[in-house]
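Spelled out from the first residue to the last, the chains are:
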Amino acid sequence: MRFSKAAKSLLLFICFSAVTLLVQAQADLQKSTHWPKQSIRIVVTFTPGGAPDILARVLAESWQQSLGVPVLVENRPGYGGNIGADLVAKSEPDGYTLLIGTVGIHAINGALYDKMSFDPVKDFTPISFLASTPNVLIVNKQLGVNNLQELIELAKAKPNQLTFGSSGVGTSLHMSGELFKEMAGVQIRHIPYKGRAQSLPDLVSGRISMLFDNLSSSLPLIKAGEVQALGVTTLKRSQAATDIPTLAEQGLPGFEAVSWFSLMAPANLPPAVQKRLNQLTRKTLNNPEVRTRLLAGGLDPAPGGPNELSKLITQESAKWSRVVKQSGAKLDQ
């Protein structure tokens, strides 16, 4: 059988492509077969003590015991999570540098920042959803308000005199405040911090009027009576604090702003390593003792597959892009 020059060229191209794919597959397999053979670091984009940090340390503790290699948690706060995310995005995709992803990094910052040093979707390999937590609106006890309506009345009487803090520009905590301002029709100044380690003391001392924080982070202070909780930002009350009403049931119907966290790796992570990390994550977060501990602290663990996580990021990006546009917030990095 004779082949034309075009057919021969096509056949050679197919053979070359097949060999290339085989070589790449063998290289990926070799990498994954020997994974892990060195320490793993999990980058947290906020200061210690918050929900992302708690989740990272839960994973690190579990993995270190099962894998027999050091698993380190590294805090890299700043720019709403962009500093730490940039570090991971530009790391080698070998499974040894991972990121605790957030709704801010992967669904908000792309719309908020005019310039990004990385692509919040294309530069990462999704591994698993980790957990979600309501945000909670807490106020300084000396502010003299006991519920949401009293706060709204005070804010309307004193436009731009009250302040709200968050753990950084572009975080779901910042956007919770912007959404609150829009839906309540009030003007309150935003004070961004690098994390709760700085914002909570300022709230307790009265340097800021109110704060949107992850419920899991603020719950100890709320239970101790050091701050006043006015409402959670989910549509339903949290099982961890059923006595705290939602903002939606207090006159802001439909108000919803959930902080969620995921495990991400740099783009082009070998599929076998991605699968192994997903299995490890599911095993850790489905452990009954771990689940009980996280739920009691206001975190709802729900590990899932990479495809589910990708769909969530797409949905959340569309939602928060609208909020950013409506709020008029825009930043340069």
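A short tour of the structure in this document, coming up. Here the structure is a predicted model, which is why all the values come from computation and not from measurement. (Residues numbered from 1 in each chain as written. Predicted model: local features only at pLDDT ≥ 70, side-chain atom pairs only at ≥ 80, totals over all residues. Heavy atoms only, no water.)

### Concerning the overall build of the protein chain
Note the cut-off: Comment: elements are numbered from the N terminus, with helices defined as DSSP H or I runs of at least four residues and strands as E runs of at least two. Buried residues are those whose accessible area, probed at 1.4 Å on protein chains only, stays under 20% of the maximum for their type, while exposed residues exceed 50% and partly exposed ones sit between those limits. In what follows, a contact means two residues having at least one pair of non-hydrogen atoms within 4.5 Å. All accessible-area figures derive from a Shrake-Rupley calculation using a 1.4 Å probe, and residue coverage is judged against the displayed protein chains alone.
The helix and strand inventory of the protein chain stands at 11 helices and 10 strands. Counting all 333 residues of the protein chain, 53% fall into the buried class. Within the protein chain, contacts between residues separated by at least 24 positions form 77% of all contacts whose residues are at least 6 apart in sequence. Within the structure as shown, the protein chain displays about 15600 Å² of accessible surface, and the carbon and sulfur contribution to it stands at 53%.

### Notes on the layout of surface pockets
A probe as big as a water molecule, rolled over the atoms, marks out the empty space that is left. Let me state the cut-off plainly: Computed over the protein atoms alone on a 1 Å grid, cavities are sets of points where a 1.4 Å probe fits but cannot get out and pockets are open sets with protein on both sides within 12 Å along at least five of seven lines; a residue lines them when it has an atom within 4 Å of a point. Grid points are joined across faces, edges and corners, and a volume is the space filled by probe spheres set on the points. Each residue gets one label: Ala, Val, Leu, Ile, Met, Phe, Trp, Tyr, Cys and Pro are nonpolar, Asp, Glu, Lys and Arg are charged, and the others, such as Gly, are polar.
One number sums up the size of the largest pocket: a volume of about 330 Å³. No other element matches the three residues that strand β4 (residues 124–139) contributes to the lining of the largest pocket. For the lining of the largest pocket, the residue count by class is five nonpolar, six polar and three charged. In this structure, the second largest pocket spans a volume of roughly 240 Å³. What lines the second largest pocket is a set of 13 residues, and nearest its centre among them are Ser62, Gln65, Thr284, Asn287 and Val290. Those elements giving two or more residues to the lining of the second largest pocket turn out to be α2 (51–67), α9 (271–285) and α10 (288–296). In terms of residue class, the lining of the second largest pocket is built from four nonpolar, five polar and four charged.

### Observations concerning the environment of Tyr79
As for its position among the elements, Tyr79 is in the loop between β2 (71–75) and α3 (82–89). Linking Tyr79 and Ile105, residues 26 residues apart in sequence, is a C-alpha distance of 9.6 Å.

### Describing the pairing of strand β5 (residues 163–166)
Under the convention used in this document: When DSSP finds at least two bridges between two strands, those strands are taken to pair.
Of the two faces of β5, the one holding Thr163 and Gly165 and the one holding Phe164 and Ser166 are both buried throughout. Pairing geometry for β5 and strand β6 (residues 189–192), over four bridges, is parallel. Looking at β6, one finds that Thr163 is bridged to Arg189. The pairing of β5 with strand β7 (residues 210–214) spans two bridges and is parallel. In the sheet register, Phe164 faces β7, and the bridge partner there is Met210.

### Describing the packing of aromatic side chains
Short version of the rule: Geometry of aromatic contacts follows a simple scheme: Phe, Tyr and Trp rings, the Trp one being its six-membered ring, pair when their centres are within 6.5 Å, and the pair is stacked under 30 degrees between planes, edge-to-face over 60, tilted otherwise.
Summed over all chains, the structure comprises five aromatic pairs. Between Phe118 and Phe124, the ring centres sit 5.8 Å apart and the planes meet at 90 degrees, which makes this aromatic pair edge-to-face. For Phe118, a relative accessible area of 5% translates into the label buried. With a relative accessible area of 6%, Phe124 lands in the buried category. For the ring pair Phe129 and Trp260, a centre distance of 6.3 Å and an interplane angle of 35 degrees mean the geometry is tilted. Here the residue Phe129 occupies a position in strand β4, and Trp260 occupies one in strand β9 (residues 258–266), the gap between them amounting to 131 residues. Like Phe129, the residue Trp260 is buried in the burial classification. Following the ring pairs from residue to residue traces out a cluster consisting of Phe164, Phe180 and Phe212.

### Quick word on the pattern of salt bridges
Note the threshold: Each reported salt bridge corresponds to a side-chain nitrogen of Lys or Arg within 4 Å of a carboxyl oxygen of Asp or Glu.
Within this structure, the stated rule accounts for seven salt bridges. The partner of Arg207 in a salt bridge is Asp202, with the nearest N and O atoms 3.8 Å apart. Note that Arg237 is salt-bridged to Glu249, the shortest N-O span being 2.7 Å. Placement of Arg237 in the loop between β8 (228–232) and β9 and of Glu249 in the loop between β8 and β9 is noted, with a sequence separation of 12 residues between them. Within this structure, Arg41, Glu74 and Arg76 form a network of salt bridges that share partners.

On their own, these measurements won't tell you what the molecule is for.
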